[in-house]
Amino acid sequence: MALRSAQGDGPASSRWAGGTLKADFNAKRKKKVAEIYQALNSDPTDVAALRRMAISEGGLLTDEIRRKVWPKLLNINTNDPPPLSGKNLRQMSKDYQQVLLDVRRSLRRFPPGMPDEQREGLQEELIDIILLILERNPQLHYYQGYHDIVVTFLLVVGERLAASLVEKLSTHHLRDFMDPTMDNTKHILNYLMPIIDQVNPELHDFMQSAEVGTIFALSWLITWFGHVLSDFRHVVRLYDFFLACHPLMPIYFAAVIVLHREQEVLDCDCDMASVHHLLSQIPQDLPYETLISRAGDLFVQFPPSELAREAAAQQQAERTAASTFKDFELASAQQRPDMVLRQRFRGLLRPEDPTKDVLTKPRTNRFVKLAVMGLTVALGAAALAVVKSALEWAPKFQLQLFP
Amino acid sequence: MASEMESSIEASFSSSGVMSATSGILPPARSRIFKIIVIGDSNVGKTCLTYRFCAGRFPDRTEATIGVDFRERAVEIDGERIKIQLWDTAGQERFRKSMVQHYYRNVHAVVFVYDMTNIASFHSLPSWIEECKQHLLANDIPRILVGNKCDLRSAIQVPTDLAQKFADTHSMPLFETSAKNPNDNDHVEAIFMTLAHKLKSHKPLMLSQPPDNGITLKPEPKPTMTCWC
């Protein structure tokens, strides 16, 4: 079901076509493909390696690979039957009208040049998937922008698998966006300014004086940038990254984009309209690989737990987004190579206090932070972020990890 | 999102025709700014209306607005250069509850939009008006009511007299228009310019005139309460 194979997300991609480096690139790419297949074929599947592949340069490279790896990242068994409903959802769903309006208008999400008939067929499938997931999960509420996420999965993995993947995603990474209100979404947005403040206080202060708010990043966050990036290759590259990481990673990535545009922002008039306008127009030629690795680094340096207080202060709200990320079952225990990380992590922690479960309070522990920094060098920051975040955010996972 | 949808500032300064007198040069930093928020149900055409005014044409494709989009255009009124900022908001209810209120800050005027071919969007107006009251401290902020899509004549569900009655009850002038109608470029223009003139002169926007007389404006001799389709 290579719906967009004609687009060619392979070696032709410009960021890879490094002229004289092409041979080198091809070799690198070939090696990565081999590593991915090795991880896929090992028994049990080496999910941690797949995560690292999804994060590291180039991500998962092709849609063919994504069709195999995305389900692993979401812990979906592709042999399970897809979610179904016998009911006539279009007649009974309270969200049908809104979904219909949004999907009909979402022409830009489909590859340019796709015949209208094919696109319309996909739009119908898109509506069906969304209504199905909403019907099966009455606790989830549709939001405008959800369709931008679902269409990405539909285009990459096809209808059957898309329903399974998006259902899992909706009850995990997207869970907060699908609350009855957007209070938790707003809270997640409140992490944006504290992250910027850690890295660039001048930029932070400028934006605060402009009272720009954070709504310019709302569509980035709740669509995983699917709504604002016109090149689908960039969208799926980011989805590789986000699927492999903590649910808050998109807000770190948003911060990295703002930081990347520091000079433009500071050159702006210091008022809400100017800054909002500048930032909401996302440049289409961002250096994605650099930004991805930077977002990973920031996540490790300034994990959500460190920023939680600032974020809460932004809103004077007690409740943290973390509360809804408890169930991080995706990082399941059988994912063998995590063991390596675990042992290394433990080894580094042990000298400090072998008896205490230091991982419950990593932010107060300088050694943990140093350990993290050390591991960063060895493994790549973002890959580590997966593990570290799971420790911080998922008591259940932590139990599995440290039996 | 589409570059063309989000380049309204550039478009507004480079477009010809109606804009020729005011385009080309950025307004001096100290020109006055009128901040106008545009609200109403999903799919009533808020994005198209604001785009039409700022870029001078109907957009090819629009998507659901997520959060708040911003468009701006510089105009000249009685020799004064003024920036009109239009804040285009998401229609879905969940966005307005916790997201949009930040953008009500320092708003000078409100444009309520409904879809003339969708009675539900008209019936939502009281809740939008209520919403607006909660966010805006000042009660005397000019507000106007715009019925969009009047070009779809055969599908009209909201009769003009009903809308007019509602507008009168809420002391707002009513405009019926179409952001799409290509022969109608002046009308969307006139609506926002009406508002701008009122803001400039600081007069209350609604005078208790009979609706058919429209609102008298020096540079806009045309009656505003018409559907020019």
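Residues numbered from 1 in each chain as written. Chains lettered and ligands numbered in written order. Predicted model: local features only at pLDDT ≥ 70, side-chain atom pairs only at ≥ 80, totals over all residues. Heavy atoms only, no water.

Trainee: Please explain a negative patch on the surface as it appears in this structure.
Mentor: Taken together, the side chains of Asp197, Glu202, Asp205 and Glu310 of chain A make up a negatively charged region of the molecular surface. In this fold, Glu202 of chain A is placed in helix H11 (residues 201–210). (Patch = residues over 30% accessible without salt bridge, like charges linked within 9 Å, V, L, I, M, F, W, Y side chains within 5 Å. Areas by Shrake-Rupley, 256 points an atom, 1.4 Å probe, with all protein chains shown as cover. Salt bridge = Lys/Arg side-chain N within 4 Å of Asp/Glu carboxyl O. Lys, Arg positive; Asp, Glu negative; His and termini not counted. Charge placed at Lys NZ, Arg CZ, Asp CG, Glu CD. Helix = DSSP H or I, 4+ residues; strand = E, 2+ residues; numbered from the N terminus.)

Trainee: Where do I start with the side chain of Asp88 of chain B in this structure?
Mentor: Residues and elements named next belong to chain B. Note that Asp88 resides in strand E3 (residues 80–89). Of the residues examined, Asp88 reaches a relative accessible area of 0% and is grouped as buried. A polar side-chain atom of Asp88 sits 2.7 Å from a polar atom in the side chain of Thr47. Once residues within four sequence positions are removed from consideration, Asp88 is found in contact with Val38, Lys46, Thr47, Thr50, Thr65, Gly67, Val68, Asp69 and Arg71. (Buried < 20%, exposed > 50% of the residue type's maximum accessible area, 1.4 Å probe, protein only. Polar contact = N/O pair within 3.5 Å; in protein donor to acceptor, adjacent residues only side chain to side chain. Contact = heavy atoms within 4.5 Å.)

Trainee: Any chance you could explain the interface of chain B and chain A here in plain terms?
Mentor: A common way to report how large an interface is uses the accessible area buried once the components associate. On the chain A side, the residues contacting the 35 residues of chain B number 45 residues. The junction of chain B with chain A conceals about 3300 Å² of combined surface from both sides, 52% of it contributed by carbon and sulfur atoms. On the chain B side of the interface with chain A, the three residues burying the most area are Glu63, Ile66 and Arg94 of chain B, jointly 22% of the side's total. Taken together, the connections running from chain B to chain A amount to three salt bridges. In this structure, the salt-bridge partner of Arg105 of chain B is Glu211 of chain A, at a minimum N-O distance of 3.1 Å. Counting across the interface, chain B meets chain A through 16 residue pairs in polar contact (both at pLDDT 80 or more). Elements with a minimum of two residues in the side of chain B that touches chain A: helix H1 (8–14), strand E2 (68–77), E3 and helix H3 (93–98) of chain B. Residue composition of the side of chain B that touches chain A, by class: 13 nonpolar, 13 polar and nine charged. (Buried area = accessible area lost by both parts, 1.4 Å probe. Nonpolar A, V, L, I, M, F, W, Y, C, P; charged D, E, K, R; others polar.)

Trainee: How do you make sense of the pairing of strand E4 (residues 109–115) of chain B when you look at a structure like this?
Mentor: A regular strand places its side chains on the two faces of the sheet in alternate fashion. Residue and element names in this part refer to chain B. Burial of E4 is extensive: seven of the seven residues sit out of reach of the surface. The alternating pattern of E4 places Ala109, Val111, Val113 and Asp115 and Val110, Phe112 and Tyr114 on opposite faces, both of which are buried. Bridging between strand E1 (residues 32–40) and E4 involves five bridges; their strand directions are parallel. Bridging from a neighbouring strand, Ile39 pairs with Phe112 of E4. As paired elements, E4 and strand E5 (residues 143–148) share six bridges and run parallel to each other. Looking across to E5, one finds that Val110 is bridged to Arg143. (Pairing = 2+ DSSP bridges.)

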